[in-house]
Amino acid sequence: MTNIRTILQRAARDLNISGSPSARLDAELLLMYGLKIDRLQLCTHPERELTDEEVAAFVERVARRSLGEPVAYIIGEKEFWSLCFEVGREVLIPRPETECLVEEVLRFYRPRGEGLRILDIGTGSGAIAVVLARELPAARVVATDISAGALTVARRNALAHGVSDRVDFFQGDLLTAVSGNFDIICSNPPYIPDVPYGLLPAGIRDFEPRGALIAGPDGMDFHRRIIREGVHRLKAGGRIFLEIGEGQRDQVAALFRKEGGYRDIDCRRDYGGTDRVASARRPRQTA
Ligand code: SAM
Ligand code: GLN
């Protein structure tokens, strides 16, 4: 027999040895998931005994984690914007940085988003589309992805968070999947250059979908296309918000300028201080 305290200590030690940078937290998340308990119960009942089945299931999850698999894939969920999103190997695990993109959109469009038509390109788990639909309860959202598997997960997340009647999903290549014009176009497209891919942490490189991450020699293939095609799909006065990677701010600003139809080109940093959300506006009247 073993209890919560002992098994956690052992798992955290093993994960630490296998190189996990957040060993204790990982062990806690895996155990809370297996025992279906929250953090409060975990902390207040360290002496709770585990059954043999609970131990076996936990040991198996810890073994997967020690081989580098992200906790979110093992437990099938990840928190984003304080909501629980289902994730699986067909979708990128939503990142905390991406909350900055949502914040930036909401800075312009709160409170209800009456009449707004929003497009989320490359929706993955649906994180951006679902949160915007919840925060702007009078808006309609269209979400696209090239991956059918991702859209299946995104649809389930929209349903779980009560917005499936206001989010429409389409499969296809960037903007070709949808028709009409939008007040807001947003996207966290793939933006990692081909070359450094091999240098990525193993948890990302070996487990997350390559098609969600890789974007040509300079990592800008998707931004280039979305900026070029997006200007024709924004309503006058509409805005575009694109997540970017480290060092891409000047390149993306140059792409907006070169395209011509954009004004108010801007970039905001994430909470780690890295340039993260590029944005621009299509003016009401072009001079
Ligand atoms: N929006 C999600 C988020 O922020 O967590 C996922 C972003 S992930 C970096 C990029 C997404 O773009 C992936 O789900 C991938 O399948 C999708 N994608 C890749 N190429 C695409 C294309 N040509 N057209 C539409 N979506 C594409
Ligand atoms: N932020 C992700 C990472 O570096 C990349 C996401 C993306 O390509 N859009 O893991």
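Values in this document were obtained by computation on a predicted structure and should not be read as measured data.

### A short note on the site of ligand 2
Contacts to ligand 2 come from R95, E97, N188, P189, P190, Y191, I192, I204 and L213. Between ligand 2 and the protein, one listed contact pairs a nitrogen atom with a backbone N or O atom of P189 at 2.7 Å. Look at ligand 2: alone it shows 300 Å² of surface, and the protein chains cover 88% of it. In the shell around ligand 2, the residues fall into 6 nonpolar, 1 polar and 2 charged.

### With respect to the site of ligand 1
Around ligand 1 sit 19 residues in total, of which G122, D145, D173, L174 and N188 are the nearest. The separation between a nitrogen atom of ligand 1 and a polar main-chain atom of G122 is 2.9 Å. Contacts to ligand 1 include D145, whose side-chain N or O atom sits 2.6 Å from an oxygen atom. Protein chains bury 94% of the 600 Å² of accessible surface belonging to ligand 1 in isolation. In this structure, ligand 1 is accommodated by the second largest pocket. Of the residues belonging to the shell around ligand 1, the class tally is 9 nonpolar, 8 polar and 2 charged.

About the criteria used
- Residues numbered from 1 in each chain as written.
- Chains lettered and ligands numbered in written order.
- Predicted model: local features only at pLDDT ≥ 70, side-chain atom pairs only at ≥ 80, totals over all residues.
- Heavy atoms only, no water.
- Near = heavy atom within 4 Å.
- Polar contact = N/O pair within 3.5 Å; in protein donor to acceptor, adjacent residues only side chain to side chain.
- Areas by Shrake-Rupley, 256 points an atom, 1.4 Å probe, with all protein chains shown as cover.
- Nonpolar A, V, L, I, M, F, W, Y, C, P; charged D, E, K, R; others polar.
- 1 Å grid on protein atoms, 1.4 Å probe; cavity = no way out; pocket = protein on both sides within 12 Å on 5 of 7 lines; lining within 4 Å.
- Sits in = over half its atoms within 2 Å of the grid points.

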